[in-house]
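In case you want the letters, here they are:
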Amino acid sequence: MACYALTAQSQVQNSKNYLYLYSDSIIYADKIQLRPDFSGYWQLRVDSRRVPADQVKFFNNENGFFANTRKLTFMRDAEFSERIIEGKINVFQERSYDPYAYDWHHRHENHSANPMAMSMYYNKGFGDLKKLKYRNLKNDLAGHPESMKFLNTYKKRSVISKIMYATAGAAIISGCAIFLKPEVLEKRPGFGSQFKDTNVTPAYVLMGLGVGLVAGGYAVDVSKSRYMEQAIEAYNR
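Scope of this entry: the structure provided in the associated data block. Counting of residues starts from 1 at the beginning of each chain's written sequence and follows it residue by residue. For this predicted model, a pLDDT threshold of at least 70 governs which residues receive local features, and a threshold of 80 or more governs which side-chain atom pairs are given and counted, while totals over whole chains, interfaces and linings are taken from all residues. As a convention, hydrogens and water are excluded, and side-chain values are obtained from all of the structure's heavy atoms.

### Regarding the overall build of the protein chain
This is how it is decided: Helix and strand labels come from DSSP, where a helix needs a run of H or I of at least four residues and a strand needs a run of E of at least two; each type is numbered from the N terminus. Summary of the burial criterion: residues with accessible area below 20% of their type's maximum are buried, those above 50% are exposed, and those between are partly exposed, where the area comes from a 1.4 Å probe applied to protein chains only. It only takes one pair of heavy atoms within 4.5 Å for two residues to be counted as in contact. Values of accessible area rely on a 1.4 Å probe in the Shrake-Rupley scheme; residue burial ignores everything except the protein chains shown.
Secondary structure assignment for the protein chain yields five helices and 13 strands. Residues counted as buried form 36% of the 237 residues belonging to the protein chain. Looking at the protein chain alone, contacts between residues at least 24 apart form 54% of all its contacts between residues at least 6 apart. Split by element, the accessible area of the protein chain, about 14,300 Å² in all, is 55% carbon and sulfur.

This is the structure:
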């Protein structure tokens, strides 16, 4: 049984075109295309057969390897996302697979240098997809010290960015509150509202600090995703 399982897995990996169904069945084909039917719903055209997309967990063709994300989307419709990292942990990019625009995207789209900055999915082998989040990965990477080191750094930077955003919000609100105080804002008939001679420098300082913290929080937020990517790379080595 163990030898059969290893052989079957090897055949799947070496086959160019195949469907992997939710029933764990495998359908091999010379040509696989994702196309809409007359009702507008996606279906897989597998040589001369047609297979409903909601039965397909993964498919592999000349364009790459794709996973069905319908169980993780709000509308629960069949959508296919491309595998961008292959290994003990596979990572899939959330952008849906549009077979009509796919070649154009690959020729013209400016892919982010840091794909982890996007919402992603991942899995192991042919297992169910999970959202690429810290709370999911920490269980699947447990027992791998190098990966956990990167993942813990990711978590720390997430906390830092949230603190910076919260502090920024508080600073901006405090600055606005100063401007709205009666002793600062004076209403004049026919002229609207004008600032009195009261010193409003603290308000400008607070609002400037808030804007700076937002920019800093965003920079930390963007850079943290690299640590998640490194955690996965270390695990896959």
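### Describing the pairing of strand 1 (residues 18-21)
Selection criterion: We treat two strands as partners when DSSP finds at least two bridges between them.
Along strand 1, one buried face is formed by Y18 and Y20 and the opposite face, lined by L19 and L21, is buried too. Strand direction decides the pairing type here: strand 1 and strand 2 (residues 26-28), joined by three bridges, are antiparallel. Residue pairing in the sheet places Y20 in a bridge with I26 of strand 2. Once strand 1 ends, the chain turns through four residues before running back antiparallel as strand 2, passing D24 with a positive phi of about 70°.

### Describing the environment of L21
Structurally, L21 is set in strand 1. We classify L21 as buried; its relative accessible area is 10%. L21 has contacts with I27, V51, Q55, V56 and K57, leaving out every residue within four places of it along the chain.

### Here we look at the nonpolar core
Spelled out, the test is: Remark: nonpolar core denotes a set of buried residues (Ala, Val, Leu, Ile, Met, Phe, Trp, Tyr, Cys) joined through side-chain atoms within 4.5 Å.
Ranked by size, the top nonpolar core spans 18 residues in total, and within it I89, V91, L132, L137, L141 and L151 carry the most contacts. The set of elements that each furnish at least two residues to this core consists of strand 10 (120-123), helix 3 (134-140), helix 4 (145-179) and helix 5 (201-236). When residues in this core are grouped by element, the largest group, five residues, is from helix 5. With residues up to four places along the chain from it excluded, the contact list for L141 reads I89, S147, M148, L151, A231 and Y235. Membership of the second largest hydrophobic core comes to 14 residues, among which are I27, L34, V46 and F66.

### Describing the pattern of salt bridges
Between side chains of opposite charge, a pair can form when the charged atoms approach closely. Using the following cut-off: One speaks of a salt bridge when a side-chain nitrogen belonging to Lys or Arg is within 4 Å of a carboxyl oxygen belonging to Asp or Glu.
Evaluated as defined, the whole model comprises seven salt bridges. Linking D128 and K57 is a salt bridge whose minimum nitrogen-to-oxygen distance equals 2.8 Å. With D128 in the loop between strand 10 and strand 11 (130-131) and K57 in strand 6 (residues 56-61), this residue pair connects regions lying 71 residues apart in the sequence. Here K57 falls in the buried class, since its relative accessible area comes to 9%. For the salt bridge of R226 with E233, the shortest nitrogen-to-oxygen distance reads 3.7 Å. Classification of E233 as partly exposed rests on a relative accessible area of 32%. Through salt bridges with shared partners, a single network forms among R226, E229 and E233.

### A short note on the sheet that holds strand 3 (residues 32-36)
Operational definition: Here the axes come from fitting lines to C-alpha atoms, over the contacting stretch only for helices, and the angles between their N-to-C directions go from 0 to 180 degrees.
Ordered in space as 3-4-5, the three strands form an open sheet in which the pairing is antiparallel. This sheet does not close on itself; its edge strands, each paired only once, are strand 3 and strand 5 (49-52). Neighbouring strand axes in the sheet, compared pairwise and without regard to direction, differ in orientation by 30° on average. Pairing between strand 3 and strand 4 (residues 42-46): five bridges, direction antiparallel.

### Description of the packing of helix 4 against helix 5
If you want to describe how two helices pack, look at the angle between their axes and the distance between the axes. Heads up, the condition is: Here roughly perpendicular refers to angles of 65 to 115 degrees, roughly parallel to angles under 35, roughly antiparallel to angles over 145, and oblique to all remaining angles. For any helix crossing, the convention is left-handed if the near helix is rotated counterclockwise from the far helix by under a right angle, and right-handed if that rotation is clockwise. Ten residue types, Ala, Val, Leu, Ile, Met, Phe, Trp, Tyr, Cys and Pro, are classed as nonpolar, four, Asp, Glu, Lys and Arg, as charged, and the remainder, Gly among them, as polar.
Here helix 4 crosses helix 5 at 165°, and the two axes come no closer than 7 Å. The angle between helix 4 and helix 5 places the two elements in the roughly antiparallel class. Once helix 4 is placed against helix 5, the crossing between them reads as left-handed. Among the residues forming the contact of helix 4 with helix 5, the class breakdown is 27 nonpolar, 13 polar and four charged.

### Details of the environment of V46
The residue V46 is located in strand 4 in this model. Take V46: its relative accessible area is 3%, and that puts it in the buried class. A sequence separation of 18 residues divides V46 from Y28, and the C-alpha atoms of the two residues are 8.3 Å apart. Here V46 is in contact with L19, I27, A29, K31, I32 and V51, once residues within four sequence places are set aside.

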